[in-house]
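Residues per chain are reported as follows:
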Amino acid sequence: MAGGGTVEEELGGPVGTRHGGKLTLGSPPSLPSQDLAEFEQLTHQVQITEEGLRQDGFTGHPFYRCLVAEVPPESRSRDGHTIVGYGLYSFTYSTFKGRCIFMEDLYVMPEFRGKGIGKKLMRKIVEIGLENGCTQMRFMVLEWNRPAIGLYQGLGAEDLSAAEGWHFFCLQKDSMQRLAQGP
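Given the structure is predicted, the values throughout are model-derived calculations rather than measurements. Starting afresh in each chain, residues are numbered from 1 along the sequence in its written order. A pLDDT threshold of at least 70 governs which residues receive local features in this predicted model, and a stricter bar of 80 or more applies before side-chain atom pairs are shown or counted, although totals over entire chains, interfaces and linings include all residues. Just so you know, side-chain values use all the structure's heavy atoms and leave hydrogens and water out.

K.L.:
Could you clarify how one ought to interpret the pattern of salt bridges in this entry?
P.N.:
Close approach of charged atoms allows side chains of opposite charge to pair. A carboxyl oxygen of Asp or Glu within 4 Å of a side-chain nitrogen of Lys or Arg is what we treat as a salt bridge. Per the counting criterion, the structure on display carries three salt bridges. Notably, a salt bridge pairs Glu127 with Lys124, separated by 3.1 Å at the nearest N-O pair. Taken together, the positions of Glu127 and Lys124, both in helix α3 (residues 117-131) and three residues apart, correspond to about one turn of that helix. Glu127 gets classed as partly exposed once you look at its relative accessible area, which sits at 28%. Residues Asp174 and Arg178 are paired through a salt bridge, measuring 3.7 Å at the closest nitrogen-oxygen approach. Here a strand is any run of E in DSSP of at least two residues, a helix any run of H or I of at least four, and the numbering for each starts at the N terminus. For the exposure calls, accessible area comes from a 1.4 Å probe over protein chains only, and a residue counts as buried if that area is under 20% of its type's maximum, exposed if over 50%, partly exposed in between.

Next comes the structure, spelled out in structure tokens:
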């Protein structure tokens, strides 16, 4: 799986129909970060274009992979979408634990939440991690997103901020450039 391939798993009727749906390794039909940014109230941070997102994830050496949750046409969203959720992930490494899988995004359209789609996307990402020898899956969640925190803790996730005192840092591009150039 590390080198690509196809992943397909039936959703088994997550939208309350007998028609089901599927999880596939693939590309969402539109810029997924926009919907997620709106939900997270972070639209001012979106800088990537749809073209950049596709190039980074769907070329010869992808920086990330994306699972999409798709429902049959008769179960599509109010806006006409059949892709109703996605899980974006990549691989990373821990000097203490070895191989890790990092779940960057887990998003399900509001009208499809509470139907098990997010849990199935997350389960599939975990399976992919295990197939690739990963010892843990890492991810972040905004502190105000109590439903997601509850879901993750219910699945056995540990809040490392509280348990181990870790803080997650980021150098933005301008800071990266200054560090690369400076003394």
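K.L.:
What is the right way to read a nonpolar patch on the surface from this model?
P.N.:
Surface patches are defined over residues having more than 30% relative accessible area and no salt bridge, joining like charges when they lie within 9 Å and nonpolar side chains (Val, Leu, Ile, Met, Phe, Trp, Tyr) when within 5 Å. To be clear on the numbers: accessible area is Shrake-Rupley with a 1.4 Å probe, and residue cover counts the displayed protein chains and nothing else. Nonpolar side chains collect at one region of the surface, where Phe96, Leu160 and Trp166 lie side by side and expose about 370 Å² of accessible area between them. Locating Leu160 in the fold gives a position in helix α5 (residues 160-163).

K.L.:
Would you take a moment to explain the confidence of the model for the protein chain for this structure?
P.N.:
Note: predicted coordinates in regions of low pLDDT should not be interpreted at a detailed level. For every residue, the predictor states its confidence as a pLDDT score lying anywhere from 0 to 100. Residues with a pLDDT of 70 or more make up 74% of the protein chain, whose mean pLDDT is 81. The lowest-confidence element of the protein chain is strand β1 (residues 8-10), averaging 53 in pLDDT; the highest-confidence one is strand β6 (residues 136-139), averaging 96. Confidence drops under pLDDT 50 across residues 1-7; counting only partners more than four residues distant or on other chains, this segment forms 18 contacts. By definition in these notes, contact holds between two residues if any of their heavy atoms fall within 4.5 Å. Every residue in residues 12-20 is under pLDDT 50, and counting partners more than four places away or in other chains gives 18 contacts.

K.L.:
Please explain helix α4 (residues 146-154) as it appears in this structure.
P.N.:
One turn of the α-helix equals 3.6 residues, which is why residues spaced by three or four share an orientation. Of all the positions in α4, only Ala148, Ile149 and Tyr152 are classed as buried. For α4, the angular spread of the buried residues around the axis is 100°, confining them to a single face. For α4, the exposed residues lying more than 90 degrees away from the buried face are Arg146, Pro147 and Gly154. Its buried side turned inward, α4 meets β5 (98-108), α3 and β6. Summarising the geometry, the arc corresponds to the directions from the helix axis toward the C-beta atoms.

K.L.:
Which parts of the structure should I look at to understand the packing of aromatic side chains?
P.N.:
Aromatic ring pairs are reported here in terms of the distance separating the ring centres and the angle at which the planes meet. Each Phe, Tyr or Trp ring (for Trp, its six-membered ring) is paired with any other whose centre lies within 6.5 Å, and the angle between the two planes then decides the class: stacked below 30 degrees, edge-to-face above 60, tilted in between. Within this structure, the stated rule accounts for four aromatic pairs. Between Tyr86 and Tyr107 the ring centres are 5.9 Å apart and the planes differ by 40°, which places this aromatic pair in the tilted class. Taken together, the residues Tyr86 in strand β4 (residues 83-94) and Tyr107 in strand β5 connect sequence positions 21 residues apart. Tyr107 matches Tyr86 in its accessibility class, with the two residues each being buried. Seen from their ring centres, Tyr89 and Phe91 are 6.1 Å apart, and the 90° between their planes marks the pair as edge-to-face. Since its relative accessible area comes to 36%, Phe91 is described here as partly exposed.

K.L.:
When you look at the layout of surface pockets in this model, what are you seeing that I'm missing?
P.N.:
A probe as big as a water molecule, rolled over the atoms, marks out the empty space that is left. When its volume is computed, the second largest pocket comes out at roughly 1,300 Å³. Definitions used throughout: a 1 Å grid over protein atoms alone; a cavity as a set of points that fits a 1.4 Å probe which cannot get out; a pocket as an open set with protein on both sides within 12 Å along at least five of seven lines; a lining residue as one with an atom within 4 Å of a point. Around the second largest pocket sit 31 residues that line it, and Arg138, Phe139, Glu158, Asp159 and Leu160 are the ones nearest its centre. Going through the elements one at a time, β4, α3, β6, α4 and α5 are the ones with two or more residues in the lining of the second largest pocket. For this classification, the nonpolar set comprises Ala, Val, Leu, Ile, Met, Phe, Trp, Tyr, Cys and Pro, the charged set comprises Asp, Glu, Lys and Arg, and every other residue, Gly included, is treated as polar. Of the residues belonging to the lining of the second largest pocket, the class tally is 16 nonpolar, seven polar and eight charged. Grid points are joined across faces, edges and corners, and a volume is the space filled by probe spheres set on the points.

K.L.:
Just checking my understanding: could you explain the pairing of β4 for this structure?
P.N.:
A regular strand places its side chains on the two faces of the sheet in alternate fashion. Counting buried positions along β4 gives nine out of 12 residues, so the element sits mostly inside the fold. Bridge count between strand β3 (residues 65-70) and β4: six bridges; the pairing is antiparallel. When the sheet's bridge partners are listed, Arg65 is paired in β4 with Tyr89. One requirement defines pairing of two strands: DSSP has to find at least two bridges between them. Across 10 bridges, β4 lies against β5 in antiparallel orientation. Within the sheet, the bridge partner assigned to Gly87 lies in β5 and is Leu106. Counting the residues between successive antiparallel strands, the hairpin from β4 to β5 contains three residues.

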